[in-house]
Amino acid sequence: MTHLFLALIVGFGVGIVVGALGAGGGILSVPVLVYLLGQEPHAASAGSLVIVGLTAVVSLMPRAREGMCVGETVWCSAWCLRSATCWGRAHP
């Protein structure tokens, strides 16, 4: 329970700093997950990437509804990211 409470407090603090400074979340969250919460570096990086990806998808929705996204650009970016992911898994 203490570990969960520490994770919530640290996550809130990282969110405040990232929101105030506009820095990338992974720059702060990965070291915090590794050094303060004891996660393995690979797991911390993967978790940070999942959070960034979900945040990007959620923030894309309102912009797409407002017509601020070019469909071809979004699909091209998604295809490139997916290709890079597949290539990275095939060549560790």
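Residues numbered from 1 in each chain as written. Predicted model: local features only at pLDDT ≥ 70, side-chain atom pairs only at ≥ 80, totals over all residues. Heavy atoms only, no water.

Remarks on the packing of helix α1 (residues 2-21) against helix α2 (residues 25-36)
Then comes step 1: Closest axis-to-axis distance for the α1/α2 pair is 10 Å, and the angle between their directions is 160 degrees. The angle between α1 and α2 falls in the class roughly antiparallel. Crossing angle aside, the handedness with which α1 passes α2 is right-handed. Here Leu6, Val10, Val14, Val17 and Val18 of α1 come into contact with α2, specifically with Gly25, Leu28, Ser29, Val32 and Leu36.
Then comes step 2: Of the residues contributing to the contact of α1 with α2, the split by class is 8 nonpolar, 2 polar and no charged. (Axes fitted to C-alpha atoms, helices over the stretch in contact; angles between N-to-C directions. Helix = DSSP H or I, 4+ residues; strand = E, 2+ residues; numbered from the N terminus. Parallel < 35°, antiparallel > 145°, perpendicular 65-115°, else oblique. Left-handed = near helix turned anticlockwise from the far one by under 90°. Contact = heavy atoms within 4.5 Å. Nonpolar A, V, L, I, M, F, W, Y, C, P; charged D, E, K, R; others polar.)

Thoughts on the packing of α2 against helix α3 (residues 41-65)
Then comes step 1: For the pair α2 and α3, the least separation of the axes is 9 Å and the interaxial angle reads 145 degrees. Crossing hand, α2 versus α3: right-handed. Residues Gly26, Ser29, Val30, Leu33 and Val34 of α2 pack against Pro41, Ala44, Ser45 and Ser48 of α3.
Then comes step 2: When the residues that make up the contact of α2 with α3 are grouped by side-chain class, the tally is 5 nonpolar, 4 polar and no charged.

Description of the environment of Gly26
Then comes step 1: Mapped onto the elements, Gly26 comes out in helix α2.
Then comes step 2: Note: C-alpha distance between Gly26 and Met68 (42 residues apart in sequence) is 26 Å.
Then comes step 3: With sequence-adjacent residues up to four places away left out, Gly26 is seen in contact with Pro31 and Ser48.

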